Amino acid sequence: MTTTDAYADTAGRAVLETIRNYGVSAVFGIPGTHNLEFYRPLAELGFRVVTNRHEQGSGYGADGWSQQTGLPGVVITTSGPGLQNAMSAVGTAFCESRPMIVLSPGVARGAEFADVGTLHETKDASAMVGAIAEWSRRVSTAAEAVAAVHDAFALFRSARPRPVHIEVPLDVLESPADVPAADRAARPLPAPLSGDDALIAEAAAVLAAARRPVIVAGGGATRAAAELTSLAERLGAPVLTTLNGKGAVDEHHPLSLGANLRLAAAREAAEDADVLLVVGSKLGEAELWAPRLAARGVVVRVDISPAQLSKNLESGIGIVGDAAAVLAQLRAALPGDPVATPDLDATRDRILQEIRDIAPATVALAETIAASIPDDAVVAGDSSQIIYLALANVLRRSRPHALLYTPTYATLGYGLPAAIGANVALPDRPVVAVVGDGALMFAVNEIATAVEQQLDLTIVCVDNGGYSEIRQNEIDRGMPPIGVDLVQPDWAALARAFGAHGVRIDDADHLVPALRAAIAAGGVQLVHVAPEPSGRPNPEDKD
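Cut-offs used in this document
- Residues numbered from 1 in each chain as written.
- Predicted model: local features only at pLDDT ≥ 70, side-chain atom pairs only at ≥ 80, totals over all residues.
- Heavy atoms only, no water.
- Helix = DSSP H or I, 4+ residues; strand = E, 2+ residues; numbered from the N terminus.
- Rg over C-alpha atoms; globule rule 2.2 N^0.38 Å.
- Buried < 20%, exposed > 50% of the residue type's maximum accessible area, 1.4 Å probe, protein only.
- Areas by Shrake-Rupley, 256 points an atom, 1.4 Å probe, with all protein chains shown as cover.
- Salt bridge = Lys/Arg side-chain N within 4 Å of Asp/Glu carboxyl O.
- Axes fitted to C-alpha atoms, helices over the stretch in contact; angles between N-to-C directions.
- Parallel < 35°, antiparallel > 145°, perpendicular 65-115°, else oblique.
- Left-handed = near helix turned anticlockwise from the far one by under 90°.
- Contact = heavy atoms within 4.5 Å.
- Nonpolar A, V, L, I, M, F, W, Y, C, P; charged D, E, K, R; others polar.
- Polar contact = N/O pair within 3.5 Å; in protein donor to acceptor, adjacent residues only side chain to side chain.
- Pairing = 2+ DSSP bridges.
- Right-handed = clockwise from strand over helix to strand, strands pointing away.
- 1 Å grid on protein atoms, 1.4 Å probe; cavity = no way out; pocket = protein on both sides within 12 Å on 5 of 7 lines; lining within 4 Å.
- Points joined across faces, edges and corners; volume = space filled by probe spheres on them.

### A closer look at the overall build of the chain
Item 1. Along the backbone of the chain there are 25 helices and 17 strands.
Item 2. In terms of C-alpha radius of gyration, the chain reaches 24 Å, essentially the compact-globule figure of 24 Å for 543 residues.
Item 3. Taken along the three principal axes of its C-alpha coordinates, the chain extends 75 × 65 × 45 Å.
Item 4. Counting every position in the chain, which comprises 543 residues, the buried fraction comes to 55%.
Item 5. When the accessible surface of the chain is totalled, it reaches about 20900 Å², and 53% of it is carbon and sulfur.

Here it is as structure tokens:
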């Protein structure tokens, strides 16, 4: 028997074949000594393999891919440090409720933490990931590993989507699978969970009687865009979204008030509603920038997770169910034509003025960037001021997941690899990463990944000289700035060193043509937006 024959149908192949049968077509990761039997079958099974330069980038790339496809992102790490490197991405996926499968090898059965100095020895890898993920399983057979894959897909369909981890011991990973082909086939997924009929009727009656209904849509509503829009039109209800829910209703729609819940003017509209319908959101402080939403009317909440129905805001009527299914039920229970759209111009004007008052120069720059980006582009951002103070609000998107961001976990190093994942999923759609200089340095190595994958990806590096917000935080506390004024590379030259194209923009008047030219040219482009001559952000920006 040849070496190839010996490894023709291992547990590693059975796991990947099962994942492929569910429609996943790309994996993100880094080959390592212990995970090669996960890699062996990838080409044969038709996977696109993205080799990132750090496993954190693998996780964020998988997340960007997942948001465009609706399928879980798949990450393959090696044991020990490779798996540990992916933990920030696992934490992000858990916090932002996104589906992800992490595959890693583990020490052979019977050798669990022998503490004898084996390669990549880890005390308890599965427990480590389990402390962060929805669940982590160390399997003992190939059949258990395949069953874990099926369980993961069922979870993603029927519950709050969150990351899972499957650890396959090396002796299992490299052994014959002995799993019938039928057991590797994709199983029918659970039907979307409908809401309780009595609660639907009660909620429909309350909504029908409402004079000032408002809808707040979170990340749990993004797969229910058509149903959400139809219900909003029937009610004549303005729609506010969280940043995770951005685009759940087309932000050009006359009922959309955008992803602006962080702004007092937007929250006031929700709080003044006589009936507030909250769909798929925990209404957390990180999304609100306030301790809570002080709703004064009847609160109707819809969520796949029962635990969310009164979290941060007590519900008068709480409906457990899939957002699309429940919203369709509510629309069916509200016969009749759509009501007239209320005049929202004054509310929009107050929201926009508040955006501009917070950080005028940053918002002006964001509006320039937004004007340069095609309407159908996917934009990825980091926890950078250019995103959370400005672009997330002024950039209008027509569909969900067209702004990739982590509003709650608020990580740095997310934007560029997430953009790579989105571009892998949508090669014919423009993809733009907009990140601060500090954030880009967390993941600058992924420029090499983008070049290697032959992507058409534009990176906008907005340079404010370091960690500008933290600098202001220190000043506000009476501290001298420390550790926040960063040495900057020649960003354009660095991009060229990776094989990309790079330009530096010193004059704001040149930014729009430069960005449009970069996006039109294709390939990997970096546009460095240089800071004020002083090297400091504009003093009118307040954090």
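Next comes the rest of the write-up.
### Quick word on the pattern of salt bridges
Item 1. Across all of its chains, the model carries 18 salt bridges by this definition.
Item 2. Salt-bridge contacts for Arg 98 lead to Asp 63; the nearest nitrogen and oxygen are separated by 3.1 Å. Residue Arg 98 is found in the loop between helix H7 (87–95) and strand S4 (100–106), and its partner Asp 63 is found in helix H5 (residues 55–69); the two are separated by 35 residues along the sequence.
Item 3. The class of Arg 98 is buried, set by a relative accessible area of 7%.
Item 4. Using a relative accessible area of 3% as the deciding quantity, one classes Asp 63 as buried.
Item 5. Taking the shortest distance from any N to any O, the salt bridge between Asp 151 and Arg 137 comes out at 2.7 Å. A residue pair is termed long-range when its members are at least 10 positions apart, and Asp 151 in helix H9 (residues 142–158) and Arg 137 in strand S5 (residues 135–138) qualify at 14 residues.
Item 6. In this structure, a network of salt bridges that share partners links the residues Asp 9, Arg 13, Glu 17, Glu 44 and Arg 184.

### Observations regarding the packing of helix H2 (residues 11–21) against H9
Item 1. Taken N-terminus to C-terminus, the directions of H2 and H9 make an angle of 20°; their axes are 9 Å apart at the nearest point. Judged by the angle between their axes, H2 and H9 are roughly parallel. As for the relative orientation of H2 and H9, their crossing is right-handed in sense. Between H2 and H9, the contacting residues are Ala 11, Ala 14, Val 15, Thr 18 and Ile 19 on the first element and Ala 142, Ala 145, Val 146, Val 149, His 150 and Phe 153 on the second.
Item 2. Here the residues of the contact of H2 with H9 are counted per class, giving nine nonpolar, two polar and no charged.

### A short note on the side chain of Ser 315
Item 1. Relative to the helices and strands, Ser 315 resides in the loop between strand S10 (298–303) and strand S11 (317–320).
Item 2. Looking at Ser 315, its side chain comes within polar contact range of the side chain of Ser 310, at 3.4 Å.
Item 3. With residues up to four places along the chain from it excluded, the contact list for Ser 315 reads Val 299, Arg 301, Leu 309 and Ser 310.

### Examining the pairing of strand S12 (residues 378–381)
Where a strand is regular, its side chains alternate between the two sheet faces.
Item 1. Burial along S12 is two-sided: the residues Val 378 and Ala 380 and Val 379 and Gly 381 are all buried.
Item 2. Here S12 pairs with strand S13 (residues 403–404) via two bridges, running parallel. Along S13, the bridge assignment pairs Val 379 with Leu 403.
Item 3. Regarding topology, helix H19 (residues 385–394) serves as the crossover connection from S12 to the parallel S13, and that connection is right-handed.

### A word on the environment of Asn 35
Item 1. If you trace the backbone, Asn 35 turns up in the loop between strand S1 (26–29) and helix H3 (36–39).
Item 2. A sequence separation of 446 residues divides Asn 35 from Pro 481, and the C-alpha atoms of the two residues are 45 Å apart.
Item 3. Aside from chain neighbours lying at most four places away, what touches Asn 35 is Ile 30, Ile 76, Thr 77, Thr 78 and Pro 105.
Item 4. Separated by 3.3 Å, the side chain of Asn 35 and the backbone oxygen of Thr 77 make a polar contact.

### Details of unusual backbone geometry
Item 1. Of note in the backbone geometry, Asn 312 takes a positive phi value of approximately 70° without being a glycine.
Item 2. Tracing the backbone shows Asn 312 in the loop between S10 and S11.
Item 3. Here Gln 454, not a glycine, exhibits a phi torsion of approximately 55°, which is positive.
Item 4. Here Gln 454 lies in the loop between helix H22 (446–452) and strand S15 (457–462).
Item 5. We classify Gln 454 as exposed; its relative accessible area is 71%.

### With respect to empty space enclosed by the protein
Summary: where empty space remains is shown by rolling a probe the size of a single water molecule over the atoms.
Item 1. The tally for this structure, following the rule as stated, stands at one cavity of 30 Å³ or more.
Item 2. Approximately 50 Å³ is the volume attributed to the largest cavity.
Item 3. As for the largest cavity, its lining consists of Arg 262, Leu 263, Trp 289, Ile 355, Ile 358, Tyr 388, Leu 389 and Asn 393.
Item 4. Elements supplying a minimum of two residues to the lining of the largest cavity: helix H17 (345–358) and H19.
Item 5. The element contributing the most residues to the lining of the largest cavity is H19, with three residues.

### Notes on the layout of surface pockets
Item 1. For the largest pocket, the calculated volume is near 1100 Å³.
Item 2. Around the largest pocket, the lining comprises 50 residues; the ones closest to its centre are Ser 97, Pro 161, Gly 219, Gly 220 and Arg 223.
Item 3. Looking at side-chain class alone, the lining of the largest pocket contains 22 nonpolar, 17 polar and 11 charged residues.

### Some points on the sheet that holds S1
Item 1. The strand order S2-S1-S3-S4-S6-S5 describes an open sheet built from six strands, whose pairing is parallel. Looking at strand neighbours, the two that pair on one side only are strand S2 (48–51) and S5, the edges of this open sheet. Between one strand axis and the next, the sheet turns by 20° as a mean value, whatever way the strands run.
Item 2. Note that S4 and strand S6 (residues 163–169) share seven bridges and pair parallel. Pairing of Leu 103 across the sheet is with Ile 166, part of S6.
Item 3. Against the sheet, H5 contacts S1, strand S3 (73–76) and S4, and its axis sits at roughly 160° relative to S3.

Such coordinate-based values are descriptive only and should not be taken to indicate function.
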